[in-house]
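Chain by chain, the residues:
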Amino acid sequence: MDAGLKRELEEKVYVGERLTRADGEALYASDDLAWLGRLAHHRRTEKNGDRVMFNVNRHLNLTNVCTASCAYCSFQRKPGEKAAYTMRVKQAVEKALEMKDEQLTELHIVNGLHPTLPWKYYPRVLRALKEALPDVSLKCFTATEVQWFEKISGLPADEILDELIDAGLASLTGGGAEIFDWEIRQQIVDHDCHWEDWSRIHRLAHEKGLRTPATMLYGHIEEPRHRVDHVMRLRELQDETGGFVVFIPLRYQHDFHDSADGIVRNRIQAKTTMASPAESLKTFAVSRLMLDNFDHVKCFWVMHGLSVAQLSLNFGVDDLDGSVVEYKITHDADSYGTPDTMHREDLLTLIQDAGFRPVERNTRYEVVREFDAPMSLADRRREPQQVWA
Ligand code: SF4
């Protein structure tokens, strides 16, 4: 990058001036990863100091049966397929109760777009879960699922959300966003919830007092300009509603191994590679710099591995998700040997080893508990460091 432009971008970041679309594209064009990290770390430290937030959550997928066949998805199954499943309300509660120990504070629930389950099933599950786990926040459903509920119920999202909130919904999830740009979206998404509906449903949720996350699936067939476009749309919506709590870049994953039935469902892997760790760190950094009105940027370690998750804390990230017993949607496609279980103690060590102070939060990003700051580097050097896979 031209030295003058570099200086100009630095100045904008240090005086807190909003970056433009062209600035975002210029940042992606830079190969100076250390410089990008320094800028993003400056912005991250201004907003969050040396804190790294986490919460103790579990993921639950009520059904993997889906009418859609998104090109990147290795989770969905069609009715009658061997590995297709749908939980009865009672089973969902039993499964959630199995996760009850370890001071669980949040259940994260996303599902396929089931062709025949009635809409009423969903609030019924939420009511039963809330009754069984009254202290656990229910963060459930993508905007895509809410739009699906509109279709199967004939009700508007307004009434759908009211009923879900009445049943115990604390937040929507941030999924279904993928990449909003239509040129890319039409090649990877196989349902009709696009930017207009995704933003409509999150706007509505914010109006009703919910605070929601927003995601972006990157590292497939999109280009950096599509990532910039994606965060610009989110930034504009956040200016309007202020209801997003966090931005989560999700790294697209190949389907390395055949699933139990031998079918490889991911249809875009022949057209693309996966984002390298350097590209992931760049994406965290540019996202942090562009999204000046988002308080938090999260690294979902399941998709990045633990070493990149630690590094990401120096590239704009201040939130690690999570403490996960089961996570199916990417783990069906993961062959990194990334563990699918992390507990509170593991997370504390991971964060402190990276030099940051862990803070446990709830679904609304309110502080639940603050932990000790890490030992000084000098003290830490006196004892062997743990190596994370
Ligand atoms: S990403 Fe979601 S909507 Fe798309 S096929 Fe997979 S489960 Fe279905």
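For the structure, check the block above.
Residues numbered from 1 in each chain as written. Predicted model: local features only at pLDDT ≥ 70, side-chain atom pairs only at ≥ 80, totals over all residues. Heavy atoms only, no water.

Undergrad: A description of the state of the cysteines should follow, citing residues and the corresponding values.
TA: If you walk through the whole model with that rule in mind, you get zero disulfides. No disulfide involves Cys140; its sulfur sits 17 Å from the nearest other cysteine sulfur, which is in Cys193. (Disulfide = S-S within 2.5 Å.)

Undergrad: So, the pattern of salt bridges: which residues are in play, and what are the values?
TA: In this structure the tally under the stated criterion is 28 salt bridges. Two residues, Asp31 and Lys282, come together in a salt bridge whose shortest N-O distance is 3.7 Å. Residue Asp31 is found in the loop between helix 2 (21-29) and helix 3 (33-48), and its partner Lys282 is found in helix 11 (residues 277-290); the two are separated by 251 residues along the sequence. Since its relative accessible area comes to 72%, Asp31 is described here as exposed. Judged by relative accessible area, Lys282 falls into the buried class, the value being 8%. In this structure, Lys298 engages Asp321 in a salt bridge whose closest nitrogen and oxygen atoms are separated by 3.5 Å. Residue Lys298 is located in strand 8 (residues 296-300), and its partner Asp321 is located in strand 9 (residues 319-321); the two are separated by 23 residues in the primary sequence. Residue classification places Asp321 among the buried positions, given a relative accessible area of 4%. Bridged by salt links that share partners, the residues Asp50, Arg51, Arg357 and Glu370 form one connected network. (Salt bridge = Lys/Arg side-chain N within 4 Å of Asp/Glu carboxyl O. Helix = DSSP H or I, 4+ residues; strand = E, 2+ residues; numbered from the N terminus. Buried < 20%, exposed > 50% of the residue type's maximum accessible area, 1.4 Å probe, protein only.)

Undergrad: So what's going on with the sheet that holds strand 11 (residues 367-370)? Residues and values would help.
TA: The seven strands lie next to each other as 6-7-8-9-1-10-11, forming an open sheet whose pairing is mixed. Only two strands of the sheet have a single partner each, and these edge strands are strand 6 (212-218) and strand 11. Across the sheet, the mean angle separating the axes of adjacent strands is 30 degrees when strand polarity is ignored. Sheet analysis places strand 7 (residues 244-251) next to strand 8, joined by two bridges and oriented parallel. Each bridged residue has a counterpart across the sheet, and for Val246 the counterpart in strand 8 is His296. (Pairing = 2+ DSSP bridges. Axes fitted to C-alpha atoms, helices over the stretch in contact; angles between N-to-C directions.)

Undergrad: Quick rundown of the site of the ligand? Include the residues and the values.
TA: Close to the ligand lie Cys66, Ala68, Cys70, Tyr72, Cys73, Phe75, Gln76, Gly112, Leu113 and His191, which account for all nearby residues. Its residues assigned to classes, the shell around the ligand shows seven nonpolar, three polar and no charged. (Near = heavy atom within 4 Å. Nonpolar A, V, L, I, M, F, W, Y, C, P; charged D, E, K, R; others polar.)

Undergrad: An account of the pairing of strand 8 is needed here, citing residue identities and associated values.
TA: Moving residue by residue along a regular strand, the side chains alternate between the two faces of the sheet. Most of strand 8 is tucked away, with five of its five residues classed as buried. Residues His296, Lys298 and Phe300 line one face of strand 8 and the alternating positions Val297 and Cys299 line the opposite face, and both faces are buried. Strand direction decides the pairing type here: strand 8 and strand 9, joined by three bridges, are parallel. From the neighbouring strand, Phe300 faces strand 9, where its bridge partner is Asp321.

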